[in-house]
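Next come the chains, spelled out residue by residue.
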Amino acid sequence: ERRLLQDADLVLGGSRHLDLLPAITGQQRIPFPVDLRRRLAALTADHERRRIVILASGDPLVYGIGSTLIEIFGVDSVRIHPAVSSVALAAARMGWTADSYDVVRVRGRELDEVRRHLSPGRRLLILSRDGSTPDLVRQFITETGFGRSKITVLAQLGSSAECRWDQIWPPDPPDLNVVCVTCEPSR
């Protein structure tokens, strides 16, 4: 996989991923645009003639960009090299089996997707948009009648900076975090 990165003409990815790469002369690097799905085809218009690598963390086919890439370019044009996903790491840290939780992805400040999964005893692994998500989740579940829920924030999973907070976390947790919730109604 390292060779693929070294030989790429264009590398697309999150800024935090791109910042980790050593400089390679002549290689173009573009951070993911906000409107990724709409802009991706234009950014990679000449993908048949250029070697393009798209960096994503974990397993891109588990709540990642992989399915979008296959949809746009076709399965024969996409080669995926998965790693352990944040979902797998979070479940391992919590000791939750795969069939004991639901994965919810927060894309914006709206938490309607979380609402669909709230019920007594249910477990949620919430993939955060950024460092503001844990506070938004706490406020939301309290307002929707689940204020006694147990909340754990896992951040920087799989790195040397990995951390865990149960019920209380710093005011500015890292952007790369997963919010784990065991739903318990307020009454």
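Above: the structure in question.
Conventions used here
Residues numbered from 1 in each chain as written. Predicted model: local features only at pLDDT ≥ 70, side-chain atom pairs only at ≥ 80, totals over all residues. Heavy atoms only, no water. Pairing = 2+ DSSP bridges. Helix = DSSP H or I, 4+ residues; strand = E, 2+ residues; numbered from the N terminus. Axes fitted to C-alpha atoms, helices over the stretch in contact; angles between N-to-C directions. Core = buried A, V, L, I, M, F, W, Y, C linked by side-chain atoms within 4.5 Å. Buried < 20%, exposed > 50% of the residue type's maximum accessible area, 1.4 Å probe, protein only. Contact = heavy atoms within 4.5 Å.

> Would you mind going over the sheet that holds strand E1 (residues 10-13) with me for this structure?
Two modes of strand pairing occur in sheets, parallel and antiparallel, and in both the strands are linked by backbone hydrogen bonds. Reading across from one edge, E2-E1-E3 is the order of the three strands in this open sheet, with parallel pairing throughout. The open sheet terminates on both sides in strands that have one partner only, identified here as strand E2 (28-31) and strand E3 (52-54). Between one strand axis and the next, the sheet turns through 15° on average, direction left out of account. Here E1 pairs with E2 via four bridges, running parallel. For Leu10, the partnering residue across the bridge sits in E2 and is Gln28.

> Could you clarify how one ought to interpret the nonpolar core in this entry?
General note: in soluble globular proteins, nonpolar side chains tend to be found buried as a group. Counting residues in hydrophobic clusters, the biggest one holds 20 residues, and the most contacted among them are Val114, Leu118, Leu124, Ile126, Ile141 and Val181. If you tally residues by element for this core, the top one is helix H7 (residues 133-143), at four residues. Setting aside its immediate chain neighbours within four residues, Ile126 contacts Val104, Val106, Val114, Val137, Asn177, Val178, Val179 and Val181. Counting residues in hydrophobic clusters, the runner-up holds 14 residues, among them Val87, Met94, Leu127 and Cys180.

> I keep staring at unusual backbone geometry and nothing clicks. Help me out?
Only a minority of non-glycine residues have a phi that is not negative, and only a minority of peptide bonds are not trans. One non-glycine residue, Gln156, adopts positive backbone phi at about 55°. Phi is positive for Gln167, which is not a glycine, with a value near 70°. Within the secondary structure, Gln167 is located in the loop between strand E7 (163-166) and strand E8 (177-182).

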